[in-house]
Amino acid sequence: MNERIKELRAALGGISQREFGEALGIGKSAVCRIESGAVALTEANAIRICEKFNVRREWLLTGEGEIFQPEKPSLVSEVAAQYHLSNLETALLANYLALPEEDRRAIMKIASKVIDPALAACAAAAPDPVVTPPGSSSVQDAEAAYEKALGFAPSADGTASSTIDDTASTG
């Protein structure tokens, strides 16, 4: 098994004994003793290795089969598939979620400065909102009202076209 730990570190991009140990919560010297065969790999460390590095337990214990477990789809990938997100939307979501919490809060603070006035304007225009379940026909009505407020109107083919006259000459 000691040779498999060395092989695993190499497969992980040649990480050092110190880096490997830190990921497991053990010291470099402990990794060195395991690799040299001076001490046996404990059950707890075998479990940590499998969980931390996505290693197949069978390979770690016997050397049989592939080193790594098949990749599981990430939560972002599952959400992207469920909601038919574009590559850009998926990247935005993944990058947003990868930000530190403080940065995400800062983004939400800025977004609320833009969104809150728009929500207030909508509430003033419709003081008694009717809550409807997602997917109801009023979603289309809301989209049409939004487009109308922005100066767009649906065309005959169902796409939005500008209702603002931009043909006036400027000079």
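Residues numbered from 1 in each chain as written. Predicted model: local features only at pLDDT ≥ 70, side-chain atom pairs only at ≥ 80, totals over all residues. Heavy atoms only, no water.

A.B. asks: Before we move on, can you summarise the overall build of the protein with the specific residues and values?
C.D. replies: Check the secondary structure of the protein and you find nine helices and two strands. Overall, the protein shows an N-to-C arrangement of helices and strands of α-α-α-α-α-α-α-α-α-β-β. Going through the 171 residues of the protein one by one, you find that 17% of them count as buried. Counting contacts in the protein only where the partners sit at least 6 residues apart, residues at least 24 apart contribute 32% of the total. (Helix = DSSP H or I, 4+ residues; strand = E, 2+ residues; numbered from the N terminus. Buried < 20%, exposed > 50% of the residue type's maximum accessible area, 1.4 Å probe, protein only. Contact = heavy atoms within 4.5 Å.)

A.B. asks: Describe the side chain of Gln17, and please don't skip the residues or the numbers.
C.D. replies: Tracing the backbone through its elements, the reader meets Gln17 in helix H2 (residues 17-24). Residue classification places Gln17 among the buried positions, given a relative accessible area of 15%. Polar side-chain contacts of Gln17 include one of 2.7 Å to the side chain of Glu35. Look past the residues within four positions of Gln17 in its chain and what remains in contact with it is Arg9, Lys28, Val31, Cys32 and Glu35. (Polar contact = N/O pair within 3.5 Å; in protein donor to acceptor, adjacent residues only side chain to side chain.)

A.B. asks: Now, about the confidence of the model for the protein: what can you tell me, with residues and values included?
C.D. replies: Mean pLDDT over the protein: 82, with 74% of residues reaching 70 or higher. Looking over the protein, one finds the lowest element-wise mean pLDDT in strand S2 (residues 160-162), namely 48, and the highest in helix H3 (residues 28-36), namely 96. Per-residue pLDDT stays below 50 along residues 160-171; that stretch engages in 15 contacts with residues further than four places along the chain or on separate chains. (pLDDT = per-residue confidence, 0-100.)

A.B. asks: Requested: an account of the packing of helix H1 (residues 2-11) against H3, with residues and values cited.
C.D. replies: Here H1 crosses H3 at 125 degrees, and the two axes come no closer than 6 Å. Taken together, the axis directions place H1 and H3 in an arrangement best described as oblique. Of H3, the residues touching H1 (which contributes Asn2, Ile5, Lys6 and Arg9) are Ile34, Glu35 and Ser36. Residue classes in the contact of H1 with H3 are distributed as two nonpolar, two polar and three charged. (Axes fitted to C-alpha atoms, helices over the stretch in contact; angles between N-to-C directions. Parallel < 35°, antiparallel > 145°, perpendicular 65-115°, else oblique. Nonpolar A, V, L, I, M, F, W, Y, C, P; charged D, E, K, R; others polar.)

A.B. asks: Which residues make up empty space enclosed by the protein, and what values do they have?
C.D. replies: All chains considered together, the criterion is met by one cavity of 30 Å³ or more. Considered as a void within the structure, the largest cavity measures approximately 30 Å³ in volume. Ile5, Phe20, Leu24, Ile26, Val31, Ile34, Leu41 and Ile49 together form the lining of the largest cavity. If you list the elements that add at least two residues to the lining of the largest cavity, you get H2 and H3. (1 Å grid on protein atoms, 1.4 Å probe; cavity = no way out; pocket = protein on both sides within 12 Å on 5 of 7 lines; lining within 4 Å. Points joined across faces, edges and corners; volume = space filled by probe spheres on them.)

A.B. asks: Describe the nonpolar core, and please don't skip the residues or the numbers.
C.D. replies: Where a protein is soluble and globular, its nonpolar side chains tend to be buried together. Phe20, Ile49 and Leu60 are the most contacted members of the largest nonpolar core, which totals 16 residues. Within the residue set of this core, elements represented by two or more residues are H1, H2, H3, helix H4 (43-53) and helix H5 (57-62). Sort the elements by how many residues they give to this core and H4 lands first, with four residues. Once residues lying within four places of it in the same chain are set aside, the contact partners of Leu60 are Met1, Arg4, Ile5, Leu41, Ala46, Ile49, Cys50 and Val55. (Core = buried A, V, L, I, M, F, W, Y, C linked by side-chain atoms within 4.5 Å.)

A.B. asks: Explain unusual backbone geometry residue by residue, including any values.
C.D. replies: Even without glycine at this site, Asn54 takes up a positive phi of about 60 degrees. For Asn54, a relative accessible area of 25% corresponds to the partly exposed category. Although it is not a glycine, His84 sits at a positive phi angle of roughly 55 degrees. Assignment of secondary structure puts His84 in the loop between helix H6 (75-82) and helix H7 (87-98). With relative accessibility at 70%, the residue His84 sits in the exposed group.

A.B. asks: For the environment of Leu75, give the residues involved together with the corresponding values.
C.D. replies: The residue Leu75 is located in helix H6 in this model. Remark: the alpha-carbon pair of Leu75 and Ala94, spanning 19 residues in sequence, is separated by 9.4 Å.

A.B. asks: Please provide a residue-by-residue account of the packing of H2 against H4, values included.
C.D. replies: Contact geometry for H2 and H4: axes closest at 9 Å, N-to-C directions at 100 degrees. Considering their axes alone, H2 and H4 lie roughly perpendicular with respect to each other. Contacts from Phe20, Ala23 and Leu24 in H2 reach Arg48, Ile49, Lys52 and Phe53 in H4. For the contact of H2 with H4, a count of residues per class yields five nonpolar, no polar and two charged.

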